[in-house]
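# Coordinate analysis (summary)
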Amino acid sequence: VGEMWYTPCLSENDFIVGVTSLRFGHNFGESEQLLKFDDQADEPYLPSIMDSGTSCLVMPGDTLGGKLSNVPFNDFTNLWEEGKSFWVEIGGRQWQGAVTS
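Read on for an overview of the structure.

A separate point is the overall build of the protein. Check the secondary structure of the protein and you find one helix and five strands. Taken from the N to the C terminus, the helices and strands of the protein come in the order β-β-β-α-β-β. Here the protein has a C-alpha radius of gyration of 14 Å; the compact-globule value for 101 residues is 13 Å, and the two agree. For the C-alpha atoms alone, the extent of the protein along its principal axes is close to 35 × 35 × 25 Å. Every one of the 101 residues in the protein was classed for burial, and the buried ones make up 30%. For the protein, long-range pairs separated by at least 24 residues make up 58% of all intrachain contacts whose partners lie at least 6 apart in sequence. Summed over all atoms, the accessible surface of the protein reaches about 7100 Å², with 50% contributed by carbon and sulfur. Taking the average location of the 5 positive side-chain charges in the protein and that of its 15 negative ones, the two points are 5 Å from each other.

Right under this line is the structure:
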């Protein structure tokens, strides 16, 4: 059990938060960034629905009209290997999530 942490919601109707980073690898220091924003000066984020009732992580399968310089799902499939984890950043705070398949 940890402390409650709050972050601004981007919608009045859904639990949407801004994800600024999604990394994948064996450890944080050697992990690969999956969200490669085309314009870093734009304070980039992707709106993401947070749902405590599911453990599904959905990532873009395209560049989102040029907002990203990569296709995150393609990068993930190329990097896939047992024993790796995800690190997601929301509101300046990071969380690690293990991968199971």
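Let us look at a negative patch on the surface. Together, Asp38, Asp39, Asp42 and Glu43 give the surface a local cluster of negative charge. In this structure, Asp42 sits in the loop between strand S2 (32-33) and strand S3 (46-49). Asp42 sits in the partly exposed class, given a relative accessible area of 48%.

Below, the discussion takes up the pattern of salt bridges. Per the counting criterion, the structure on display carries one salt bridge. Lys36 is the salt-bridge partner of Asp75, the closest N and O atoms lying 3.9 Å from each other. Of the two residues, Asp75 is situated in helix H1 (residues 72-79) and Lys36 in the loop between S2 and S3; the sequence distance between them amounts to 39 residues.

Below, the discussion takes up the environment of Glu30. The residue Glu30 is located in the loop between strand S1 (16-25) and S2 in this model. You can call Glu30 exposed: its relative accessible area is 61%. Glu30 sits 11 residues away from Val19 along the chain, and the two C-alpha atoms are 20 Å apart.

Among the nonpolar cores identified, the biggest contains 14 residues, and Leu22, Phe24, Leu34, Leu35, Met59, Phe76 and Phe86 are the most heavily contacted of them. Elements with a contribution of two residues or more to this core: S1 and strand S4 (85-90). With four residues, S1 is the single largest residue contributor to this core.

Considering the arrangement of structural elements, one finds Asn70 in the loop between S3 and H1. On the basis of relative accessibility, which here comes to 8%, the residue Asn70 falls in the buried class. Residue contacts for Asn70: discarding those within four places in its chain leaves Leu34, Leu35, Lys36, Asp62, Thr63 and Asp75.

Analysis parameters
Residues numbered from 1 in each chain as written. Predicted model: local features only at pLDDT ≥ 70, side-chain atom pairs only at ≥ 80, totals over all residues. Heavy atoms only, no water. Helix = DSSP H or I, 4+ residues; strand = E, 2+ residues; numbered from the N terminus. Rg over C-alpha atoms; globule rule 2.2 N^0.38 Å. Buried < 20%, exposed > 50% of the residue type's maximum accessible area, 1.4 Å probe, protein only. Contact = heavy atoms within 4.5 Å. Areas by Shrake-Rupley, 256 points an atom, 1.4 Å probe, with all protein chains shown as cover. Lys, Arg positive; Asp, Glu negative; His and termini not counted. Charge placed at Lys NZ, Arg CZ, Asp CG, Glu CD. Patch = residues over 30% accessible without salt bridge, like charges linked within 9 Å, V, L, I, M, F, W, Y side chains within 5 Å. Salt bridge = Lys/Arg side-chain N within 4 Å of Asp/Glu carboxyl O. Core = buried A, V, L, I, M, F, W, Y, C linked by side-chain atoms within 4.5 Å.

No statement about biological role is implied by the geometric values presented.
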